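As a plain string of letters, each chain reads:
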Amino acid sequence: MNSIELFAGAGGLALGLEQAGFEHIGLVEFNKDAADTLVVNRPQWNVLCEDIAQVAERDLEKEFGVPKYKLDLLSGGAPCQSFSYAGKRLGLQDVRGTMFYHYATFLHKLQPKMFLFENVRGLLTHDGGRTFKTILNIFEDEGYTTVYKVLNAWNYGVPQKRERLITIGIRNDLSSLCQFVFPKEHDYKPVVRDIQLDTNPDAAHCARYSKNKEAVFALVPPGGYWRDIDPTIAKAYMKTCWDMGGGRTGILRRIGLDEPSLTVLTNPGMKQTDRCHPLEVRPFSVRENARLQSFPDEWIFCGKLSEQYKQVGNAVPVNLAKEIGLEIKRTLEVL
């Protein structure tokens, strides 16, 4: 089954879909380092390192060699935080000039049998729910029946708590012939102990804390956070964060071996969202983060260290993508 992926990033979604049985006839990714990652790992993939706005304007049937209505799957997750509308039902005009507009343009021009649109859970409530309502309205206007659900990657073979909003669309002329069912949760939920942990990785592969931060983190037990150390030391470290409301459980957070990681982020050193290694006083390495995202060790990330962290943190967990892809494939197989 063929597919086209937009906003492909470092390939977490694309790799999972490949493992589920999809053949990518095109992937679009604007960031050069991320596009290089795709090319290095899959030289046979047709990777377009271009502005999606320019690609979307072209004859997509000719560009990707697939007639309208014959594409099996369009996948990707366009950034949607940059717009909010009151749902005026103007169709694509509602979101012109946004990244989502280009995703919708691909949908409009190619009319794939199904689409997979993934995003952050927060999209559900953005602008009082109006942003997501506008998106669903456009999917409907383009001729698709949709279902959506928030899935936690931890339930699908990923040692990480990471929630993603998954929207699946089936073209209306096919929706009476098949039905998509979200993947069943796994019985076993992996934890950090289940991945290979590096021993003292060098600076080329792992960020480091400042000496002061390292000294404070050395006091935090695995599975603990700022409340587990001397409050005088914690207050000096947290500064203005000390007086903030809420539990602030991400500050000075050291992940335990027998729990899933918190959501892998794009920057390993943010004070309010720390994820310290359970056995060594340092952030997780790029490779450890990739394992927490269920990337295979042979998957290489290109660019400088900060860019590699960013690519891994932005990715869809491979195992989650595979589970969703298998259900999409089962849905399409009845057609």
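Check the entry above for the structure.
A few points on the structure. (Residues numbered from 1 in each chain as written. Predicted model: local features only at pLDDT ≥ 70, side-chain atom pairs only at ≥ 80, totals over all residues. Heavy atoms only, no water.)

With respect to unusual backbone geometry
Line of reasoning, step 1. Unusually for a residue other than glycine, Asp 127 sits at a positive phi of about 50°.
Line of reasoning, step 2. Looking at the secondary structure, you find Asp 127 in the loop between strand S5 (114-120) and helix H6 (130-141).
Line of reasoning, step 3. Take Asp 127: its relative accessible area is 26%, and that puts it in the partly exposed class.
Line of reasoning, step 4. Here the phi dihedral of Arg 248 falls at roughly 50°; this positive angle occurs in a residue that is not glycine.
Line of reasoning, step 5. Of note, Arg 248 is situated in the loop between helix H9 (231-238) and helix H10 (286-292).
Line of reasoning, step 6. Assessed through its relative accessible area of 16%, Arg 248 is described here as buried. (Helix = DSSP H or I, 4+ residues; strand = E, 2+ residues; numbered from the N terminus. Buried < 20%, exposed > 50% of the residue type's maximum accessible area, 1.4 Å probe, protein only.)

Concerning the side chain of Gln 160
Line of reasoning, step 1. Structurally, Gln 160 is set in the loop between strand S6 (144-152) and strand S7 (163-171).
Line of reasoning, step 2. Among the residues examined, Gln 160 registers a relative accessible area of 0% and is labelled buried.
Line of reasoning, step 3. Here Arg 162 takes part through its side chain, which lies 3.0 Å from a polar atom of the side chain of Gln 160.
Line of reasoning, step 4. With residues up to four places along the chain from it excluded, the contact list for Gln 160 reads Asn 152, Ala 153, Trp 154, Pro 260, Ser 261, Leu 262, Thr 263, Val 264, Leu 292, Gln 293 and Pro 317. (Polar contact = N/O pair within 3.5 Å; in protein donor to acceptor, adjacent residues only side chain to side chain. Contact = heavy atoms within 4.5 Å.)

Remarks on the layout of surface pockets
Line of reasoning, step 1. For the largest pocket, the calculated volume is near 910 Å³.
Line of reasoning, step 2. In terms of lining, the largest pocket is formed by 39 residues, of which the most central are Phe 7, Gly 77, Pro 79, Asn 314 and Ala 315.
Line of reasoning, step 3. Breaking the lining of the largest pocket down by element, the ones donating at least two residues are helix H1 (12-20), S5, S7 and helix H11 (305-314).
Line of reasoning, step 4. In terms of residue count, H11 provides more of the lining of the largest pocket than any other element does, 5 residues in total.
Line of reasoning, step 5. Residue composition of the lining of the largest pocket, by class: 17 nonpolar, 12 polar and 10 charged. (1 Å grid on protein atoms, 1.4 Å probe; cavity = no way out; pocket = protein on both sides within 12 Å on 5 of 7 lines; lining within 4 Å. Points joined across faces, edges and corners; volume = space filled by probe spheres on them. Nonpolar A, V, L, I, M, F, W, Y, C, P; charged D, E, K, R; others polar.)

Regarding the nonpolar core
Line of reasoning, step 1. In terms of nonpolar packing, the biggest core is built from 35 residues, with Ile 4, Phe 64, Phe 100, Phe 106 and Phe 117 touching the most fellow members.
Line of reasoning, step 2. When residues of this core are traced back to their parent elements, those giving at least two are strand S1 (2-6), strand S2 (23-28), helix H3 (52-56), helix H4 (60-64), helix H5 (99-110), S5 and H6.
Line of reasoning, step 3. When residues in this core are grouped by element, the largest group, 7 residues, is from H5.
Line of reasoning, step 4. Here Phe 117 is in contact with Gly 76, Gly 77, Ala 78, Cys 80, Phe 100, Tyr 103, Leu 123, Ile 135, Phe 139, Leu 165, Ile 166 and Thr 167, once residues within four sequence places are set aside.
Line of reasoning, step 5. Leu 27, Phe 295, Phe 301 and Val 312 belong to the second largest nonpolar core, which has 29 residues in total. (Core = buried A, V, L, I, M, F, W, Y, C linked by side-chain atoms within 4.5 Å.)

Section: the pairing of S7
Line of reasoning, step 1. When you tally the buried positions in S7, you get 8 out of 9 residues, the bulk of the element.
Line of reasoning, step 2. In this sheet, S7 lies alongside S5 in antiparallel orientation, the contact comprising 7 bridges. The partner of Phe 117 across the bridge, within S7, is Thr 167.
Line of reasoning, step 3. With 9 bridges connecting them, S6 and S7 associate as antiparallel partners. Bridge assignment links Asn 152 to a residue of S7, and that residue is Glu 163. (Pairing = 2+ DSSP bridges.)

Side note on the packing of aromatic side chains
The geometry of an aromatic ring pair is captured by two quantities: the separation of the ring centres and the angle between the planes.
Line of reasoning, step 1. In total, this model carries 18 aromatic pairs according to the counting rule given.
Line of reasoning, step 2. For the ring pair Tyr 103 and Phe 115, a centre distance of 6.4 Å and an interplane angle of 85° mean the geometry is edge-to-face. Remark: Phe 115 occurs in strand S5 and Tyr 103 occurs in helix H5; sequence separation between them is 12 residues.
Line of reasoning, step 3. For Tyr 103, a relative accessible area of 0% corresponds to the buried category.
Line of reasoning, step 4. Aromatic pair Phe 117 and Phe 139: ring centres 5.7 Å apart, planes at 70°, arrangement edge-to-face. Taken together, the residues span a long stretch of sequence, with Phe 117 in strand S5 and Phe 139 in helix H6 at a distance of 22 residues.
Line of reasoning, step 5. On the basis of relative accessibility, which here comes to 1%, the residue Phe 117 falls in the buried class.
Line of reasoning, step 6. A connected cluster of aromatic rings, assembled from ring pairs, spans Phe 100, Tyr 103, Phe 115, Phe 117, Phe 139 and Tyr 144.
Line of reasoning, step 7. The ring centre of Trp 45 lies 5.9 Å from the NZ or CZ of Arg 42, which sits over that ring.
Line of reasoning, step 8. The side chain of Lys 189 reaches across the aromatic face of Trp 154, ending 5.0 Å from its centre. (Phe/Tyr/Trp six-rings, centres within 6.5 Å; stacked < 30°, edge-to-face > 60°. Lys NZ or Arg CZ within 6 Å of the ring centre and 35° of its normal.)

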